[in-house]
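Structural characterization, general
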Amino acid sequence: MTQLVEAEGLVHIYKTAELEVVALQGLDLHLEPAETIAIAGRSGSGKTTLMNILAGVERPSAGRVQVGGHDLTRMDGSEQEEYRRRVVGYLWQHAQVNLWPELTALENVQVPMLAGAGGHRGPAAQSRRLLEALGLGSRLSHRPDRLSGGENQRLAMAIALANGPQLLLADEPTAELDGATCRGLLADLAQLLRELNAGAIMVTHDRQLERYVDRVIQIRDGRTATETRYVEHASGHLVADELVIMDRAGRLQIPRHHLEELGLRDRVRIRREGEGLRILPLDAGADA
Ligand code: ADP
Ligand code: MG
């Protein structure tokens, strides 16, 4: 089975008149079909850049990336259009950007369906089904200005999923919502993604989101740094299993708190120890 997302060594550089910003510096990311992940990381770490590349909006400066069998580094205009229409659904950060203010909720979801080729059969029925699954069954004929913030965000999700994409991309989908609204929405979305057998990548600052996805990837300085899976403990609690990601060349990003606590910088000693390796500060001395 081919992977849904395969990104290796992604580099992205923004060039402006006076400087170059390296937003991604050798990022690796892999997703299985129908897998859902959250991406976390500080502001400026390259999350939105990655999403724009995966959405087919931005082309990477270097590296390999394919989604659903499409090589995103060499798509021409018409393949790019087809890719954005059929393969990915993109939920922009601010719900309003995704919506047609003059149209009802039902019509909003029909727009991308009608734009797709050959969608003559029952877009209304399909559109209604999506909205019902997202809890908007009683809001079909409401326009966006008559819906709450959370309802608009649900509508935006239905629009992003209208054409049955293999991958949903959502940049901070819950940033503007309060805790309870956010949990309800994520639970419904997770359920719908399972039914549609679709994968998702969601950027988040929100630890609540993490229990609704298969894995959480942490990006640091334009690279994937750590990965956390939540494993259900016998007691019913979720227990975090945090792994550091190593790229093909053997490079690791050691979590910052370890670097600081142990004074690791510039050069370190590596010792083979039984089944593992030990990383020591340079001044740890020969007897360490
Ligand atoms: P995040 O979404 O994690 O906050 P971004 O991907 O938006 O990070 O940005 C990563 C880096 O690239 C930041 O240093 C940001 O200032 C820079 N950047 C983002 N977009 C542009 C742009 N259009 N032109 C120049 N620099 C940009
Ligand atoms: Mg961002």
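Residues numbered from 1 in each chain as written. Chains lettered and ligands numbered in written order. Predicted model: local features only at pLDDT ≥ 70, side-chain atom pairs only at ≥ 80, totals over all residues. Heavy atoms only, no water.

As a further point, take the overall build of the chain. From N to C terminus, the chain includes seven helices and 13 strands. Along the first, second and third principal axes, the C-alpha atoms of the chain reach 75 × 50 × 40 Å. Within the span of the chain, comprising 288 residues, buried residues form 43% of the whole. Sequence-distant contacts, at least 24 apart, represent 61% of the contacts inside the chain between residues at least 6 apart. As presented, the chain carries roughly 15700 Å² of accessible surface, and 48% of it is formed by carbon and sulfur atoms. Here the chain contributes 33 positive and 40 negative side-chain charges, whose respective centroids are spaced 1 Å apart. (Helix = DSSP H or I, 4+ residues; strand = E, 2+ residues; numbered from the N terminus. Buried < 20%, exposed > 50% of the residue type's maximum accessible area, 1.4 Å probe, protein only. Contact = heavy atoms within 4.5 Å. Areas by Shrake-Rupley, 256 points an atom, 1.4 Å probe, with all protein chains shown as cover. Lys, Arg positive; Asp, Glu negative; His and termini not counted. Charge placed at Lys NZ, Arg CZ, Asp CG, Glu CD.)

In the vicinity of ligand 1, the contacting residues are Tyr14, Val21, Ala23, Arg42, Ser43, Gly44, Ser45, Gly46, Lys47, Thr48 and Thr49. Gly46 places a main-chain nitrogen or oxygen 3.1 Å from an oxygen atom of ligand 1. Contacts to ligand 1 include Thr49, whose side-chain N or O atom sits 2.5 Å from an oxygen atom. Surface burial for ligand 1 is 61%, taken as the share of its 560 Å² of free accessible area covered by protein chains. Breaking the shell around ligand 1 down by element, the ones donating at least two residues are β2 (20-31) and α1 (47-54). With three residues, the top contributor of residues to the shell around ligand 1 is α1. Here the shell around ligand 1 is composed, by residue class, of three nonpolar, six polar and two charged. (Near = heavy atom within 4 Å. Polar contact = N/O pair within 3.5 Å; in protein donor to acceptor, adjacent residues only side chain to side chain. Nonpolar A, V, L, I, M, F, W, Y, C, P; charged D, E, K, R; others polar.)

Now for the packing of helix α5 (residues 149-160) against helix α6 (residues 179-196). Each pair of packed helices can be described by the angle between their axes along with the distance between the axes. Relative to each other, α5 and α6 sit at 20°, their axes nearing to 10 Å. When the axes of α5 and α6 are compared, the pair comes out roughly parallel. In the packing of α5 onto α6, the handedness of the crossing is right-handed. Contact with α5, carried on its side by Gly150, Gln153, Arg154 and Met157, involves Thr181, Gly184, Leu185, Asp188 and Leu189 of α6 and no other residues of that element. Of the residues in the contact of α5 with α6, the class split is three nonpolar, four polar and two charged. (Axes fitted to C-alpha atoms, helices over the stretch in contact; angles between N-to-C directions. Parallel < 35°, antiparallel > 145°, perpendicular 65-115°, else oblique. Left-handed = near helix turned anticlockwise from the far one by under 90°.)

Grouped together as the largest cluster of nonpolar side chains are 37 residues, with contacts concentrated most on Val109, Leu131, Leu155 and Met202. If sequence neighbours within four positions are ignored, Leu131 has contacts with Ala105, Leu106, Val109, Leu136, Gly137, Leu140, Leu155 and Ala158. Leu4, Leu10, Val65 and Val87 belong to the second largest nonpolar core, which has 29 residues in total. (Core = buried A, V, L, I, M, F, W, Y, C linked by side-chain atoms within 4.5 Å.)

Turning to the environment of Ala124, a few remarks are in order. Among the secondary structure elements, Ala124 is positioned in helix α4 (residues 123-133). Non-local contacts of Ala124, meaning those with residues more than four positions away in its chain, are made with Leu106 and Gln110.

Take α6 next. Its 18 residues place the ends of α6 26 Å apart at the C-alpha level, agreeing with the 26 Å of an ideal helix rising 1.5 Å per residue. Of the residues making up α6, those classed as buried are Cys182, Leu185, Leu186, Leu189, Ala190, Leu192 and Leu193. Where α6 is buried, its residues contact β3 (36-40), α4, α5, β7 (167-171) and β8 (199-203). Asn197, located one to two residues past α6, shows a positive phi value of around 55°. (Expected span 1.5 Å × (residues − 1).)

Counting through the fold element by element, Arg220 comes out in strand β9 (residues 215-220). With no salt bridge to any partner, buried Arg220 finds its closest opposite charge in Asp221, at an N-O distance of 4.6 Å. Those residues in contact with Arg220 that sit more than four places away from it in its chain are Ala225, Gln253, Ile254, Pro255, Arg256 and Leu259. (Salt bridge = Lys/Arg side-chain N within 4 Å of Asp/Glu carboxyl O.)

Under the defined criterion, the tally for this structure stands at 15 salt bridges. One salt bridge connects Arg64 with Glu8, and the closest N-O pair in it is separated by 3.8 Å. Taken together, the residues span a long stretch of sequence, with Arg64 in strand β4 (residues 62-67) and Glu8 in strand β1 (residues 5-15) at a distance of 56 residues. Glu8 gets classed as buried once you look at its relative accessible area, which sits at 16%. Linking Glu35 and Arg215 is a salt bridge whose minimum nitrogen-to-oxygen distance equals 2.7 Å. With a gap of 180 residues between them, Glu35 in the loop between β2 and β3 and Arg215 in strand β9 connect regions that are remote in the sequence. Accessibility classification places Glu35 together with Arg215 in one group, the buried group. Several salt bridges share partner residues, and in doing so they unite Glu6, Glu8, Arg64 and Arg248 into one network.

Turning next to the confidence of the model for the chain. Looking at the chain, pLDDT values average 89 and 96% of them are 70 or higher. Mean pLDDT across the secondary structure elements of the chain bottoms out at strand β11 (residues 238-244), with 84, and peaks at β4, with 97. (pLDDT = per-residue confidence, 0-100.)

What follows concerns the side chain of Asn108. In this fold, Asn108 is placed in helix α3 (residues 105-115). Polar contacts involving the side chain of Asn108 include one to the main-chain amide nitrogen of Trp100, which spans 2.7 Å. Setting aside residues no more than four positions away along its own chain, Asn108 makes contact with Leu99, Trp100, Leu103, Pro144, Leu155 and Ile159.

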